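Given next are the chains, with one letter for each unit.
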Amino acid sequence: MPAEAPIKTGPRTALSLVPTAEKPQSAKDFKSDQEVRWCPGCGDYAVLAAVQGFMPELGLAKENIVFVSGIGCSSRFPYYMNTYGMHSIHGRAPAIATGLAAARRDLSVWVVTGDGDALSIGGNHLIHALRRNVNLKILLFNNRIYGLTKGQYSPTSEPGKITKSTPMGSLDTPFNPLSLALGAEASFVARTIDSDRKHLTGVLRAAAAHHGSALVEIYQNCNIFNDGAFEAVKDKQRAQEAVIRLEHGEPIRFGAPADDGLGGKGVVRDPASGDLVVVDVAEHGTEGLVVHDAHAASPTTAFALSRLADPVTLHRTPIGVFRSVRRPAYEDLLADQLEQAVEQRGKGDLATLLAGNDTWTVAG
Amino acid sequence: MTTEVDQAHLGSKDVRRLDRVIIRFAGDSGDGMQLTGDRFTSETASLGNDLSTLPNFPAEIRAPAGTLPGVSSFQVHFADHDILTPGDAPDVLVAMNPAALKANLADVPRGAEIIVNTDEFTTRALAKVGYDGNPLENGSLDAYSVHRVPLTTLTVEALKGFDLTRKEAGRSKNMFALGLLSWMYHRPTANTERFLRSKFAKRPELAEANITAFRAGWNFGETTEDFAVSYEVAPAASAFPAGTYRNISGNLALAYGLIAASQCADLPLFLGSYPITPASDVLHELSRHKNFGVRTFQAEDEIAGIGAALGAAFGGALGVTTTSGPGVALKSETIGLAVSLELPLLIVDIQRGGPSTGLPTKTEQADLLQAMYGRNGEAPVPIVAPATPAECFTAAIDAARIALAYRTPVFLLSDGYLANGSEPWRVPETGELPDLRVRFATGPNHTLPDGTEVFWPYKRDEATLARPWAVPGTPGLEHRIGGIEKQDGTGNISYDPANHDHMVRTRQAKIDGIDVPDLVVDDPEGPPGEGAKLLVLGWGSTYGPITAAVRRIRRAGGSVAQTHLRSLNPFPKNLGEVLRAYDRVVVPEMNLGQLATLLRAKYLVDIRSLTQVTGLPFKAEQLASAFEEALDDAR
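Procedures and definitions
- Residues numbered from 1 in each chain as written.
- Chains lettered and ligands numbered in written order.
- Predicted model: local features only at pLDDT ≥ 70, side-chain atom pairs only at ≥ 80, totals over all residues.
- Helix = DSSP H or I, 4+ residues; strand = E, 2+ residues; numbered from the N terminus.
- Rg over C-alpha atoms; globule rule 2.2 N^0.38 Å.
- Buried ≥ 20, exposed ≤ 12 C-beta atoms within 10 Å, placed from the backbone.
- Pairing = 2+ DSSP bridges.
- Contact = placed C-beta atoms within 7 Å.
- Nonpolar A, V, L, I, M, F, W, Y, C, P; charged D, E, K, R; others polar.
- Axes fitted to C-alpha atoms, helices over the stretch in contact; angles between N-to-C directions.

On to the overall build of chain A. Counting its regular elements, chain A contains 12 helices and 12 strands. Computed over C-alpha atoms, the radius of gyration of chain A comes to 23 Å, within 12% of the 21 Å expected from 2.2 N^0.38 for 364 residues, which places it in the range of a compact globule. Relative to its full complement of 364 residues, chain A shows a buried share of 48%.

Below, the structure written as structure tokens:
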């Protein structure tokens with residue numbers, strides 16, 4: 001569906017059809033009575049706390065919120081949210097959530113998935129949910145390992161990864177989840193980090209406000225099977241040089257500050273290849289630095305940003321909202337067709353339908 | 001069959017009255033034989049004959065022209081009385097080319113009429129299908145009554161006033177043939193002309209060309225000496241109870257049944273589906289009825305199709321997925337999830353020849369054990385199987401009733417023969433349809449020892465063992481469900497051994513306890529044990545040929561009882577008793593004996609299994625002789 005496809009009933013916002021809560025909520029309202037059973041120290045705890053802490057901000061009736069997950073450590077998430085929830089089967093959460101969202105536009109539907117669940121066994125459902133732009137908020141917990149099955153390499157593990165199933169090192173090239181999402185026509189793509197509560201909450205807020213599919217990749221530490229996988233972007237010292245914080249409308253700069261107090265490194269477009277490259281601002285100057293435009297109609301720059309990080313060292317990893325554009329949501333277009341059908345032909349009448357145009361009568 | 005010779009019809013030609021006729025239209029995949037057959041059927045239905053049809057076409061959309069694999073055919077059987085099958089052998093074969101003649105001749109009994117398009121019997125076309133000489137000239141068809149008609153030439157000649165190339169004009173030869181057959185069998189023509197005008201609404205010149213060809217075919221029959229006789233088949237009024245009738249195919253009836261079920265349940269219909277032969281027509285049909293609030297979702301694959309339907313069911317919709325055997329294989333894991341979640345869901349399997357891709361356009365009943373057992377763990381799923389094309393309507397409603405009342409996925413097992421075959425259907429009054437409305441949970445259903453009122457998603461209804469259906473949006477009933485084993489009552493994750501044992505047995509007990517009607521045996525000679533010694537038991541689309549065969553035996557003085565299963569899981573409560581009341585039980589199936597295996601295992605009775613896996617339905621004659629044999633053995 002092209003971006004300019006008409007939305008007949010006017011612009012919608014992500015949550016305009018979802019009833020609001022009658023009274024103010026707190027994080028406690030979103031905690032279920034179930035004991036949380038992730039390994040002590042797991043990054044999932046931080047994400048759960050951030051989501052429970054952020055939900056009251058939305059002010060939605062919590063009975064109209066649904067968390068759907070697949071299989072994997074992160075997919076236990078719905079059990080801990082005091083909302084409606086479904087812990088489904090491996091990889092299929094986006095498909096199940098698509099049906100739910102398409103049938104019920106008054107719900108705020110969230111998908112919780114992992115790198116194995118979303119990118120390996122469920123890869124097909126993920127890309128199709130994104131291209132359809134179903135109004136789902138997809139939280140992809142990426143720990144670059146299979147945790148629940150006790151430590152095999154995943155489709156985001158770095159090449160050569162030594163695991164139980166790859167004692168001589170893994171052979172396959174990993175997926176870049178954001179490049180994949182952008183290639184799948186995603187209208188909202190972001191990345192954040194489990195341990196950065198403030199940034200994580202900011203990205204969740206932006207995702208919740210987006211009408212359509214939102215893919216949020218969350219770098220999440222598995223302290224049992226892949227501990228320290230994201231240390232480069234978490235360690236305060238190293239993060240300054242490793243992390244690029246994207247802010248819409250701001251020049252893309254990072255690293256130890258230059259004279260103007262902003263990051264000493266900047267991102268420019270290489271005129272020869274069109275690729276993005278990192279330059280020293282002191283040498284290059286501020287002229288020509290790429291200004292981040294999350295709303296750009298073309299995904300080209302967002303894609304280039306998704307390729308900026310070194311996949312092994314995670315050096316120069318952009319975080320934040322890469323892309324956020326308006327495009328009609330699948331379920332709105334579907335609802336419009338249902339309305340149109342009634343307008344054009346009237347509400348369906350069963351007796352007329354069953355009789356058809358060609359009947360004959362047998363007298364008694 | 002000929003009973004009378006004195007009716008006047010269009011001039012001086014003879015008119016004979018027949019009680020039934022079987023016509024087979026056969027040609028190239030591109031010759032429009034399915035359309036021709038459909039139109040003839042429609043004319044026949046509007047005349048009030050009873051009828052039954054058998055389309056038979058290759059899986060390839062356009063196999064190489066003029067070859068045997070490219071032959072497409074449509075058989076229609078119509079009568080002035082109640083009939084059950086599309087007929088064993090055609091009385092009339094229309095062969096549009098040598099391939100069509102060669103592929104179908106073996107089915108045509110001696111003495112039958114064959115109408116051939118002589119224009120296509122060129123040396124090259126004959127050689128292409130391995131004819132040494134021209135069968136129209138070498139006497140090999142002497143045993144038949146052959147009408148040699150240059151259909152293409154006559155059509156082109158009739159259309160010379162139109163601005164069409166010879167090739168374009170020639171394409172209307174199927175309508176010429178339809179016109180000719182319509183004259184021969186006194187079919188009404190107004191509907192076909194109306195149909196052509198609407199089909200070619202955007203190209204009125206093509207509509208007129210086709211109508212001209214159609215009329216030319218009719219006039220050709222009336223004027224040429226070659227066709228000296230025309231035939232009447234009177235309406236089958238006495239075969240039908242009073243009412244309004246229409247012709248309907250199985251897939252159409254099934255789609256209407258789903259819409260009716262959604263209306264009866266007052267729930268929106270949500271179809272998640274992936275295109276697959278021979279089930280796609282249900283997706284197409286439902287997609288046309290969005291003004292009934294029907295949401296159709298063409299998914300990225302079979303798994304997403306059922307996943308979306310299950311998600312919609314969680315949200316309170318009547319969730320449906322439609323597919324065929326290969327699709328069921330892909331959906332198995334999600335069906336297991338639906339068993340565990342205990343949510344209503346319909347899985348429509350239009351069976352086709354297998355294994356693997358098998359025979360996509362042919363019929364088979366070999367998915368029974370897949371539907372019954374094809375999942376990991378103990379995952380019982382009810383199975384409903386319609387017996388005739390029209391019965392697909394009530395079967396869909398019944399499957400929905402079970403799914404909604406018992407909160408369970410339900411299999412609806414149709415097949416390619418039912419899907420594409422058609423027959424007259426008495427259109428039901430909407431007031432006759434059952435009330436399928438459900439009560440969603442609205443508040444707490446359990447009191448804790450301390451007096452707190454809570455909602456337990458797995459606290460069951462005592463009568464049905466169904467769990468409450470609490471849909472998102474209901475305040476206070478927030479709960480989580482999933483595929484991991486749940487504690488009885490609370491629905492919380494539980495790995496407790498005794499709880500798992502209890503839950504497995506409870507899920508089974510729920511399905512075993514589903515209310516299905518007792519099996520009724522048809523035996524004119526008395527109730528089970530007091531009449532016939534031989535029982536013939538079938539399921540699904542074998543109903544037509546089995547019943548026709550049973551009638552033959554009874555007409556010849558033989559004694560045979562017949563019964564047909566509509567519910568294959570659970571079986572009717574009296575099934576064991578019925579089976580044990582007969583000396584011999586014969587079970588015909590289009591598989592290698594899947595129902596027979598289930599019956600032997602469950603009831604420890606001896607079953608004679610009659611099987612066929614040709615991709616085609618049984619013929620009544622063949623079943624009748626098998627039943628005769630069983631009767632002889634029983635004596």
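Residues in a regular strand project their side chains so that they alternate between the two faces of the sheet. Residues and elements named next belong to chain B. Here strand E4 (residues 71-79) lies mainly inside the structure; nine of its nine residues are buried. Two elements, strand E2 (residues 20-28) and E4, share nine bridges in a ladder whose sense is antiparallel. Residue pairing for E4: Ala26 is matched across the bridge by Ser73. Where strand E3 (residues 50-56) meets E4, seven bridges bridge the pair, whose relative direction is antiparallel. Residue pairing across strands places Leu54 opposite Gln75, the latter belonging to E4.

As a further point, take the interface of chain A and chain B. Taken together, the contact pairs 53 residues of chain A with 60 residues of chain B. Listing elements by their share of the side of chain A that touches chain B, those giving two or more residues are strand E2 (84-87), helix H2 (93-103), helix H4 (123-132), helix H11 (330-345), helix H12 (350-355) and strand E12 (359-362) of chain A. Looking at the side of chain A that touches chain B element by element, the count peaks at eight residues for H2(A). Partitioned by chemical class, the residues of the side of chain A that touches chain B number 26 nonpolar, 19 polar and eight charged. Looking at chain direction, E2(A) and strand E19 (residues 480-482) of chain B are connected through three bridges and run parallel. Counterpart to A:Met86 in the pairing with E19(B) is B:Ile481.

Before going further, it helps to examine the environment of B:Ala213. With respect to the helices and strands, the residue B:Ala213 is situated in helix H8 (residues 204-223). Sequence spacing of B:Ala213 and B:Leu101 is 112 residues, and the spatial spacing of their C-alpha atoms is 23 Å.

Looking now at the sheet that holds strand E11 (residues 295-298) of chain B. Residues and elements named next belong to chain B. What the seven strands build is an open sheet, ordered E11-E10-E12-E13-E15-E14-E22; its pairing is mixed. Each edge of the sheet is formed by a strand with only one pairing partner; in this case those strands are E11 and strand E22 (567-569). By the bridge criterion, three bridges tie strand E10 (residues 269-273) to strand E12 (residues 318-323) in an arrangement that is parallel. In the sheet register, Leu269 faces E12, and the bridge partner there is Leu318. In the packing of helix H12 (residues 325-341) onto the sheet, contacts are made with E12, strand E13 (345-351) and strand E15 (409-415), and the angle to E13 comes to roughly 160 degrees.

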